[in-house]
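# Overview (structure and organization)
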Amino acid sequence: MNAPNASGWRPEMGSADAADQVTASGDRALMLEEPLIFELAAPGTTGVDFDPPAASPLTSLGKFLRKDPLALPGLSEPETVRHYTRLSRQNYAIDLGPFPLGSCTMKHNPRLNEKVARLPGFADLHPLSPQQAVPGALEVINQLAFWLIELTGMHGVAMSPKAGAHGELCGVLCIKAALQARGDDRKVMLVPESAHGTNPATAAFAGFAIENIPANAEGRVDLAALLARLGPDVAGVMITNPNTCGLFERDMKAISDAVHAAGGYVYCDGANFNAIVGKVRPGDLGIDAMHINLHKTFSTPHGGGGPGSGPVVLSKALSPFGPLPYTVREADGSVRLVEEEDGASEHPQGFGRMAAFHGQMGMFTRALAYILSHGADGLRQVAEDAVLNANYVLRSLDGELDAPFGASGPCMHEALFSDAGLADGFSTLDIAKGLIDEGFHPMTVYFPLVVHGAMLVEPTETESKAGLDRFIASLRSLAQRAKQGDPALKSAPHFAPRRRLDETQAARKPVLVWKGDQPA
Amino acid sequence: MRYLPLTAENRAEMLEQIGAATVDDLFVDVPVEARLAGPIAGLPNHASEMAVERHMAALAGKNVSAGSVPFFLGAGAYRHHVPASVDHLIQRGEFLTAYTPYQPEIAQGTLQVLFEFQTQVARLLGTEIANASMYDGSTAAWEAVAMAGRVTKRSKAVLCSGLHPHYVSTIRTMAKFTGDTIEWAAPRLEAEPDTAGVIAAIDAETACVVVQYPDILGRVTDLAAIAEAAHAQGALLVAVVTEPVALGLIEAPGNLGADIVVGEGQSLGVGLQFGGPYLGLFGCREKFVRQMPGRLCGETVDAEGRRGFVLTLSTREQHIRREKATSNICTNAGLCALAFSIHMTLLGGEGLGQLARVSHARAQQAATRLAKAPGVSVLNSAYVNEFTVVLPSDARDAVRRMADRQVLGGVSLGRLYPDAPELANGLLVCTSELTTDADIEALGSALEGVLA
């Protein structure tokens, strides 16, 4: 692997001075620029045909009617297809190569899941259809709920949260409701400093005072510091396990037991569940609430930033406080949806709703298809291969990149490196942008905050060994260039659709909408 | 195991490179008592693609899909035709399998779409700016109330009685976190919304008034009058649009004085999907930009001076601000925003107007037909494509019995307001460009049949 991708296409290949050549169009072969839709057409046209009914008087709306037509262009189908196809080619994606963003679990998105989610019997159902018309949909929610409960060893699950952070809110509200139910006004939430940024944001939104718990030298929660802080004012702890340094919290059960003994609850951020699915059940570790990102562990597509889905599994202590709606399986085997009509009598301590309707059904069908495909044995293999791939990356870069907790033993599903040893003036950012030129998406950078210049690599189980070897070869090359101080690396990326973008200008004078048709 | 590329030989080779004897050596930090010895008992093992497809298709086959019967449900989720190119384009792997565009040099496709989306949404809602989307309409309404509290430094929200009850419940959940006061009462079966009542509830403590437009009963509220009253007290008007197609016909809330406009964008491009994933729309005045929740995409230039787009103002967001963030949200509804944006690009303002007109004409036709049914009356004096009829008996029962006749005839108010028996005879009926003459006759006959 001396010359990875040596045969690959590069935009400046051909002649030595190709980079200086200018084309009349501004495009370069398959590197295509694309204007905004507002620059492609003017308002007044449409690319959709309608079947108008025989008569269509605008009765009764007189004073409410729009004064001016909506000033948006309508493009024909060929123009529309071309616009979005050209734009799509300016994106990196899992379908193109490894996407090793730590704590994001960018695994392959199986296409069977897309197919089943689009069956009219799922995709074309109204959420308020009478229950007699949607028994199969309620069955999907209930079957997925069953799997999530079994895989986590928990008591119940709230399916409606729309994303991981929304699930955190749900879990923290369950804790708040449980405390209120016993007349306890605890105000402090303990959050380890290696926590995801959403954890303190969530607890603060819920009205808790945040207190940080430091990490110890090996990258785990400082157990002694945590135990010392527990007391009658502590509502609970929000902990990520495996943690954001890619390590399993060995003392998890001891932490849970101590928090419970002090009258608090344990929230676990389940973003890293992929490392332990089928191997360890959080319920066995004393967790009270944990959100599960279906778009991470259970393969539903990230879609360029959502939609996510964040069901929250709950312990027996917190289950009575979960939100509406939920499903129950009746004695005759049918599944019933419990919402406002029955909630008051059947779920009197529930705190209400997280959102309209029943949750991210389109993600439930995909996640259930994924879980059934892997089964109990396959999910266990998922965790093992994810952890194996991460350790392979970690150990293959021994001596090339500094691994601050490399001596702590094996990592879980992500490998953590720091910027120690890079030449003066060279940083994690340069390695990340260099990876772009190498044809890879960068890893998560500058997170977790406990490591200087952190680089968090999560390969996931869906990368082949050959693919990992190519990635490792590129990262090794970049590490050497950064140690030697190669100036070309400072200005990377050179081969992407754009060079480094000016984020300061974007924030100083925000331009958030197009105003090209308005007087300056 | 078709999703796992590693072979047994690969695994052995990699373990050797790592210096571990077995894969369990990599789980050494998990206490022995917490480790499962093998696959979890009682669960099935892996299954072939065809077996899974058969299982899922059987479940799908038990449901009555909206397109298979005369269909008249709305109440916050709307069925419109989605052009075939929309679903084709959102399934391009470069969109479908990309992450949040944190590396803008290789995410210009997603970012330019978001910039176009923000422009489309702002113009649709009549606001100066819009964000890159939120989870759905109900959580966008929650975020709007929270934002109004930050802007005004007040903590009371007045919700109009015509706000979708699920949105009311969602906002009340938020108030359990923040301690805000939420004022709301169930609607009355009257032809016009209670504008005077809303105005009377606004006082010097009020952070915002939240008005759905058109409201849950399909009525159209005089937003300008409420905006004036709210502003006179230093409060903000938050308008909630659950059916954006209506804005093809009626004036945009931002043009009527609304300070924040949120909406459910599902009715364009996204589809019904049994309630999610949907698409939260969020627009507001530019002066509030730093109090806004959610992701924002902004225009900038790259090192060679070429136009490009980045996520911006992330100093409001949780991954930078942690406990001081404007919201804990760390995702949007990217793919649903793409679907909405493509559908809107095909429609344009002209097409949205036509879509709204056809949907409205079908509603008038349905209202005329239902008014002929004995004992049935149409409530609304004005509506776009959804209206309320009052039946002589409980509408929950009528809905169930129409479903027995293979007609999905609407949403009963009893399901939405189980605590308000005075609303039990109300039925919400919604139409769209997909509604046919035959559908409307089937609805009329089914309703007459179940009421007979």
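Only a predicted model underlies this, so the values are computations on that prediction, with no experimental measurement involved. (Residues numbered from 1 in each chain as written. Chains lettered and ligands numbered in written order. Predicted model: local features only at pLDDT ≥ 70, side-chain atom pairs only at ≥ 80, totals over all residues.)

## Considering the overall build of chain B
- In terms of regular secondary structure, chain B is built from 14 helices and 13 strands.
- For chain B, the C-alpha radius of gyration of 25 Å lies close to 22 Å, the compact-globule estimate for 452 residues.
- Each principal axis of the C-alpha distribution contributes one length, and for chain B these read about 80 × 50 × 45 Å.
- The burial tally for chain B puts 64% of its 452 residues in the buried class. (Helix = DSSP H or I, 4+ residues; strand = E, 2+ residues; numbered from the N terminus. Rg over C-alpha atoms; globule rule 2.2 N^0.38 Å. Buried ≥ 20, exposed ≤ 12 C-beta atoms within 10 Å, placed from the backbone.)

## What to know about the domain arrangement of chain B
All names here are of chain B.
- Domain boundaries in chain B define domain 1 (66-81 + 358-451) and domain 2 (84-343).
- With 27 residues of domain 1 at the contact, the number on the domain 2 side is 26 residues.
- Among the elements that line the side of domain 1 that touches domain 2, the one with the most residues is strand E11 (residues 386-390), at 4 residues.
- Across the side of domain 1 that touches domain 2, the residue classes break down as 15 nonpolar, 10 polar and 2 charged. (Domains from an automatic or database assignment. Contact = placed C-beta atoms within 7 Å. Nonpolar A, V, L, I, M, F, W, Y, C, P; charged D, E, K, R; others polar.)

## A closer look at the sheet that holds strand E13 (residues 426-430) of chain B
Residues and elements named next belong to chain B.
- In spatial order, the strands read E10-E11-E13-E12; together these 4 strands make up an open sheet with antiparallel pairing. Every other strand in the sheet has two partners, leaving strand E10 (377-378) and strand E12 (411-412) as the edge strands with one partner each.
- As paired elements, E12 and E13 share 2 bridges and run antiparallel to each other. Counted as the bridge partner of Val 411 is Leu 428 from E13.
- Strands E10, E11 and E13 of the sheet are contacted by helix H11 (residues 334-370), whose axis makes an angle of about 5 degrees with E11. (Pairing = 2+ DSSP bridges. Axes fitted to C-alpha atoms, helices over the stretch in contact; angles between N-to-C directions.)

## Description of the pairing of strand E9 (residues 307-311) of chain B
All names here are of chain B.
- Of all 5 residues in E9, 4 are buried; the element is thus mostly enclosed.
- Examined bridge by bridge, strand E8 (residues 297-301) and E9 share 5 bridges and lie antiparallel to one another. The residue bridging Val 301 from the neighbouring strand is Arg 307, located in E9.

## Quick notes on the confidence of the model for chain B
- Residue-level pLDDT values for chain B average 95, and 96% of them are 70 or greater.
- Scored by ipTM, the complex comes to 0.97, with pTM at 0.96. (pLDDT = per-residue confidence, 0-100.)

## Observations concerning the sheet that holds strand E4 (residues 234-240) of chain A
Residue and element names in this part refer to chain A.
- Taken in spatial order, the 7 strands make up an open sheet running E1-E7-E6-E5-E4-E2-E3, and their pairing is mixed. Since the sheet does not close on itself, it has two edges, and those belong to strand E1 (156-158) and strand E3 (209-213), each with one partner. Strand-to-strand twist across the sheet, computed as the mean angle between neighbouring axes with direction ignored, equals 25 degrees.
- Across the sheet, helix H6 (residues 164-181) lies against E1, E4, strand E5 (265-269), strand E6 (289-291) and strand E7 (312-314), angled at about 165 degrees from E6, the strand it touches most.
- The strands that helix H7 (residues 198-205) touches are strand E2 (188-192), E3, E4 and E5; relative to E2, the one it contacts most, it runs at about 175 degrees.

## Topic: the interface of chain A and chain B
- Of the residues lining the interface, 169 residues belong to chain A; the matching set on chain B comes to 166 residues.
- If one sorts the elements of the side of chain A that touches chain B by residue count, helix H11 (residues 361-396) of chain A sits on top with 22 residues.
- Its residues placed into classes, the side of chain A that touches chain B shows 88 nonpolar, 50 polar and 31 charged.

## Description of the pairing of E8(B)
- Taking burial as the measure, the 5 residues of E8(B) include 4 buried ones, the bulk of the element.
- Between E8(B) and E9(B), which pair antiparallel and follow one another directly, the connecting turn spans 5 residues, one of which, Gly305(B), has a positive phi of 85 degrees.

## A word on the packing of H6(A) against H7(A)
Residues and elements named next belong to chain A.
- Between H6 and H7, whose axes approach to 9 Å, the crossing angle comes to 45 degrees. The orientation of H6 with respect to H7, classified from their angle, is oblique. Along this stretch, H6 crosses H7, giving a crossing that reads as right-handed. Residue-level inspection shows Ala 165, Glu 168, Leu 169 and Val 172 of H6 in contact with H7, the latter providing Thr 198, Asn 199, Thr 202, Ala 203 and Phe 205.
- In terms of residue class, the contact of H6 with H7 is made up of 5 nonpolar, 3 polar and 1 charged. (Parallel < 35°, antiparallel > 145°, perpendicular 65-115°, else oblique. Left-handed = near helix turned anticlockwise from the far one by under 90°.)

## What to know about the environment of Arg400(B)
- Position of Arg400(B) among the secondary structure elements: in helix H12 (residues 395-404).
- For Arg400(B), a count of 17 C-beta atoms within 10 Å puts it in the partly exposed group.
- Each C-alpha atom of the pair Arg400(B) and Val450(B) lies 9.5 Å from the other, and the pair is 50 residues apart in sequence.
- Ignoring sequence-local partners within four residues, the contact set of Arg400(B) consists of Pro130(A) and Gln132(A).

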